Amino acid sequence: MNPHEPTHQTASTLVQARVLFALLMREMTTRFGRSAAGYLWALIEPVGFIALLSLAFSQIAHSPPIGRSFPLFYATGYIAFSFYNDIAALTGRAVLVNRPLLNYPAVTALDTVLARFLLQSLTGLAVAAVVFSGILAVFADQVRLQPVPLITAFALAGLLGLGVGLVNTTLFALSKSWELAYGVISRPLFLVSAVFFTFDSLPAAAREVLWWNPLIHLVGLMRAGFYPVYDGSHISVLYLIALALGLVATGLGLMLACANRLAEQ
Amino acid sequence: MTGAMIPAMIRLEHVSKSFRRDGVTKHILHDVSFDLPPGRNIAILGRNGAGKSTLMRLIAGTLRPDRGQILRHRRISWAMGFSGSFHPALTGAQNTRFVARIYGRDTAALDAYVQGFAELGASYHLPVGTYSTGMKARLAFALSMGVDFDVYLVDEVIGVGDTAFRRKCASAFRRRMDRARVLMISHSAATLRQFCDAGLVMEAGRLTFFDTVEAAIDAHETNLALPLTA
């Protein structure tokens with residue numbers, strides 16, 4: 001349905017690839033600057049946060065809820081949470097930040113979202129690889145990596161982040177008050193996503209409610225990927241897939257329905 | 001591509017566009033199907049508020065029609081004189097490289113050309129948000145020459161900046177017209193006669209094509225003498 005730049009419809013996949021690449025380059029320069037130090041900052045935040053949690057909780061407990069390494073326990077929680085959260089936050093603001101670029105006929109709102117999704121997924125995976133291998137190298141723990149839950153955790157955290165981001169891309173662009181409201185609603189999410197506790201340790205009443213928080217399932221999957229002893233019986237991959245795909249479909253529908261308003265404001 | 005022997009450079013298929021403000025709906029185009037013939041330089045005429053600039057932005061693709069579609073079989077510029085596509089947070093150089101990438105041009109070559117043409121000095125490496133309107137217009141003009149479009153959309157202004165720079169723009173533009181076509185909005189009949197060889201008159205949501213620019217100007221002036229309908 002979109003303009004056929006530069007000449008024919010057949011060229012449109014090539015054009016979309018060029019646009020994605022151009023947006024990716026733009027996001028990289030604005031996000032990280034042109035020096036290696038910029039990329040280093042992407043590491044400092046998670047490392048600092050995990051160190052802080054580990055230090056604080058090791059003062060009040062002898063061992064973390066699972067395994068023996070405090071850093072690994074908090075890393076499994078924090079990385080799962082932030083991989084989702086960073087993607088959702090960045091893709092949600094894709095149109096707000098890039099709106100002038102939508103004036104180029106070849107650039108669509110979806111392109112701006114996908115470029116940010118790609119960049120943040122790669123950044124998040126790189127950060128996760130560095131953090132986990134660093135922790136495992138320093139703090140040997142009873143860990144046996146399970147590729148299936150691990151890959152599922154990253155894939156579904158990414159998809160869920162994309163879904164939430166896609167829905168918000170349109171809503172943020174159309175409503176400033178939703179942007180503010182969403183900020184308030186989503187802030188406590190970190191506290192109720194089992195980042196620094198386990199789902200099993202909660203009272204039954206809390207479990208019943210928090211089961212619906214998809215982040216609980218993502219964090220659970222991540223821990224199942226590291227700890228062979230972890231009981232992940234509460235995790236529903238089906239729930240995550242249904243929710244993520246539902247959000248992606250809703251987001252795409254909203255974007256399509258509001259395409260004119262997104263470009264013209 | 002659809003049937004025609006000579007493909008139109010731009011084809012409008014059942015295009016409708018209207019704006020609603022304060023409960024009043026204003027129809028700019030109403031179910032318009034139209035082929036812009038290739039190889040012509042076309043003047044766009046219409047009374048104030050008829051939607052000439054809107055039509056141009058629809059053709060450029062910076063506005064989407066409410067209904068219908070617009071097929072483009074040429075590389076079409078953005079409306080010259082309109083520089084809203086620049087990202088204020090990016091420098092002139094970064095905006096240039098972005099444009100080079102989306103239009104599939106060599107980034108270094110376009111960068112060098114634009115930097116040379118626009119004469120922005122050190123500001124070329126500052127965010128476009130810090131530019132004056134004139135500086136943005138220089139950048140936009142240099143870029144549109146550098147990208148080498150097949151069809152240029154000119155909304156009132158060809159040249160920008162001071163007299164010397166305007167002259168440079170005009171001469172670059174005339175040279176470009178050896179191989180590129182133009183769609184032009186201008187209040188100056190002299191400018192339209194100078195650049196165009198056909199005309200398109202917008203009136204009450206419809207487009208009428210005229211084979212000579214003179215006929216189009218006549219029809220437009222006849223329209224102006226009549227009261228506005230609907």
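Here is a short report on the structure shown in this document. Note that the structure is a prediction, hence the values are computed from the model and not measured.

Conventions adopted
Sequence order as written defines the numbering, with residues in each chain counted from 1. Going through the entries in the order they are written, you letter the chains from A and number the ligands from 1. For this predicted model, a pLDDT threshold of at least 70 governs which residues receive local features, and a threshold of 80 or more governs which side-chain atom pairs are given and counted, while totals over whole chains, interfaces and linings are taken from all residues. To get the side-chain values, all heavy atoms of the structure are used, and hydrogens and water are removed first. To qualify as a helix, a DSSP run of H or I must reach at least 4 residues; to qualify as a strand, a run of E must reach at least 2; elements of each kind are numbered from the N terminus. Throughout, radius of gyration means the C-alpha value; the globule benchmark is 2.2 Å times the number of residues raised to the power 0.38. Only protein chains enter the accessibility calculation, which uses a 1.4 Å probe; a residue whose area is less than 20% of its type maximum is buried, one above 50% is exposed, and one in between is partly exposed. We call two residues contacting when some pair of their heavy atoms lies within 4.5 Å. His is not counted, nor are the chain ends; Lys and Arg add positive charge and Asp and Glu add negative charge. A charged residue contributes its charge at one atom only: NZ of Lys, CZ of Arg, CG of Asp or CD of Glu. Strands are labelled as partners when DSSP assigns at least two bridges between them. Here is the rule: rings of Phe, Tyr and Trp (six-membered ring for Trp) pair when centre to centre is within 6.5 Å. Planes less than 30 degrees apart are stacked, more than 60 are edge-to-face, and the remainder are tilted. Should the NZ of a Lys or the CZ of an Arg lie within 6 Å of a ring centre and within 35 degrees of the ring normal, that charge is described as sitting over the ring. To get an axis, a line is fitted to the C-alpha atoms, and for a helix only the part in contact is used. The angle between two axes follows their N-to-C directions and goes from 0 to 180 degrees. Polar contacts, as counted here, are pairs of nitrogen or oxygen atoms within 3.5 Å of one another; within protein the pair requires one atom able to donate a hydrogen and one able to accept it, and residues that are adjacent in sequence qualify only if both atoms are side-chain atoms. In this scheme, roughly parallel covers angles under 35 degrees and roughly antiparallel covers those over 145, while 65 to 115 is roughly perpendicular and the rest are oblique. Under this grouping Gly is polar, as are all residues other than the nonpolar Ala, Val, Leu, Ile, Met, Phe, Trp, Tyr, Cys and Pro and the charged Asp, Glu, Lys and Arg. By salt bridge we mean one thing: a side-chain nitrogen of Lys or Arg within 4 Å of a carboxyl oxygen of Asp or Glu. Exposure above 30% relative accessible area and no salt bridge define the residues that can form patches, which grow by joining like charges within 9 Å and nonpolar side chains of Val, Leu, Ile, Met, Phe, Trp and Tyr within 5 Å. Here, Shrake-Rupley sampling with a 1.4 Å probe gives the accessible areas, and only protein chains in the shown set may cover a residue.

**A word on the overall build of chain A**
Thinking step 1. Each helix and strand in chain A was counted, giving 11 helices and 0 strands.
Thinking step 2. Whereas a compact globule of 265 residues would reach a radius of gyration of roughly 18 Å, chain A reaches 20 Å, a difference of no more than 12%.
Thinking step 3. Summarising its shape, the C-alpha atoms of chain A cover approximately 65 × 45 × 35 Å along the three principal directions.
Thinking step 4. Within chain A, buried positions represent 50% of all 265 residues.
Thinking step 5. Contacts spanning at least 24 positions in sequence make up 76% of the contacts within chain A whose residues lie at least 6 apart.
Thinking step 6. The distance from the centre of the 14 positive side-chain charges to the centre of the 11 negative ones in chain A is 5 Å.

**A short note on the overall build of chain B**
Thinking step 1. Looking only at helices and strands, chain B has 7 helices and 9 strands in total.
Thinking step 2. Taking 2.2 N^0.38 as the reference for a compact globule, 230 residues should give roughly 17 Å; the C-alpha atoms of chain B span a radius of gyration of 18 Å, in line with that estimate.
Thinking step 3. For the C-alpha atoms alone, the extent of chain B along its principal axes is close to 50 × 40 × 40 Å.
Thinking step 4. Expressed as a percentage of its 230 residues, the buried residues of chain B come to 53%.
Thinking step 5. If you take every contact in chain B between residues at least 6 apart in sequence, the share linking residues at least 24 apart comes to 65%.
Thinking step 6. On chain B, the mean spot of the 29 positive side-chain charges and the mean spot of the 20 negative ones are 5 Å from each other.

**Topic: the pairing of strand β2 (residues 24–36) of chain B**
Residues and elements named next belong to chain B.
Thinking step 1. Of the pairings in the sheet, the one linking strand β1 (residues 10–21) to β2 comprises 9 bridges and is antiparallel in character. Among the inter-strand pairings, I10 is bridged to a residue of β2, identified as L36.
Thinking step 2. Counted along the chain from β1 to the antiparallel partner β2, the turn is 2 residues long, and its residue D22 has a positive phi close to 50°.

**Points about the packing of aromatic side chains**
Thinking step 1. Under the counting rule described, the total for this entry stands at 30 aromatic pairs over all chains.
Thinking step 2. Seen in terms of ring centroids, F57 of chain A and Y74 of chain A are 5.2 Å apart; in terms of plane orientation they differ by 35°. Their pairing is tilted. In this pair, F57 of chain A is assigned in helix α2 (residues 36–60) and Y74 of chain A in helix α3 (residues 70–92), connecting sequence segments 17 residues apart.
Thinking step 3. Residue F57 of chain A is classed as partly exposed on the basis of its relative accessible area, which comes to 25%.
Thinking step 4. Using a relative accessible area of 2% as the deciding quantity, one classes Y74 of chain A as buried.
Thinking step 5. Over the aromatic face of F117 of chain B sits the side chain of K168 of chain B, whose NZ or CZ is 4.6 Å from the ring centroid.

**Topic: the sheet that holds strand β4 (residues 67–72) of chain B**
Residue and element names in this part refer to chain B.
Thinking step 1. As summarised here, the arrangement of the 3 strands in space is β2-β1-β4, forming an open sheet in which the pairing is antiparallel. Here the strands that pair on one side only, and so sit at the sheet edges, are β2 and β4. Each strand of the sheet is rotated relative to its neighbour by a mean of 25°, with strand direction disregarded.

**Considering the side chain of H87 of chain B**
Thinking step 1. Within the secondary structure, H87 of chain B is located in the loop between β5 (76–80) and α2 (92–102).
Thinking step 2. Here R26 of chain A takes part through its side chain, which lies 3.2 Å from a polar atom of the side chain of H87 of chain B.
Thinking step 3. Among the polar contacts made by the side chain of H87 of chain B, one reaches the main-chain amide nitrogen of A89 of chain B at a distance of 3.1 Å.
Thinking step 4. The residues touching H87 of chain B, leaving out its near neighbours within four places in the chain, are R26, V97, N98, P100 and L101 of chain A together with N95 and V128 of chain B.

**Structural notes on the packing of helix α3 (residues 107–118) of chain B against helix α5 (residues 163–176) of chain B**
Helix-helix packing is described using two parameters, namely the angle between the two axes and the distance between the axes.
Residue and element names in this part refer to chain B.
Thinking step 1. Packing of α3 against α5 brings their axes to within 11 Å, and their N-to-C directions diverge by 135°. By the angle class used here, α3 and α5 are oblique. Residues G116, F117 and A118 of α3 form the contact with α5, whose participating residues are F165, K168, C169 and A172.
Thinking step 2. Considered class by class, the residues forming the contact of α3 with α5 number 5 nonpolar, 1 polar and 1 charged.

**Here we look at the sheet that holds strand β9 (residues 206–210) of chain B**
Working definition: the strands of a sheet are paired by backbone hydrogen bonds and lie parallel or antiparallel to each other.
All names here are of chain B.
Thinking step 1. Sheet architecture is open: 6 strands sit in the order β5-β6-β7-β3-β8-β9, paired in mixed fashion. Only two strands of the sheet have a single partner each, and these edge strands are β5 and β9. Sheet twist, expressed as the mean angle between neighbouring strand axes with direction ignored, is 20°.
Thinking step 2. Summarising the sheet, β5 and strand β6 (residues 151–155) pair through 3 bridges and their orientation is parallel. Paired with A79 across the strands is L153, a residue of β6.
Thinking step 3. Along the sheet face, helix α7 (residues 213–225) touches β3 (42–46), β8 (198–203) and β9 and points at about 20° away from the line of β8.

**A word on the side chain of S144 of chain B**
Thinking step 1. Turning to its location among the elements, S144 of chain B is positioned in helix α4 (residues 133–147).
Thinking step 2. Among all residues touching S144 of chain B, those that are not within four sequence positions of it are W78, M80, F149, Y152 and R176 of chain B.

**Remarks on the pattern of salt bridges**
Residues and elements named next belong to chain A.
Thinking step 1. Within this structure, the stated rule accounts for 14 salt bridges over all chains.
Thinking step 2. Between E179 and K176 there is a salt bridge, with its nearest N and O atoms 3.3 Å apart. Residue E179 and its partner K176 are located together in helix α7 (residues 176–186), separated by 3 residues, close to a single helical turn.
Thinking step 3. Of the residues examined, K176 reaches a relative accessible area of 55% and is grouped as exposed.
Thinking step 4. A single salt-bridge network, built from bridges that share partners, covers R93, K176 and E179.

**Points about a nonpolar patch on the surface**
Thinking step 1. Taken together, L40, W41 and I44 of chain A make up a surface patch of nonpolar side chains, about 350 Å² in accessible area.
Thinking step 2. Mapped onto the elements of the fold, L40 of chain A is located in helix α2.

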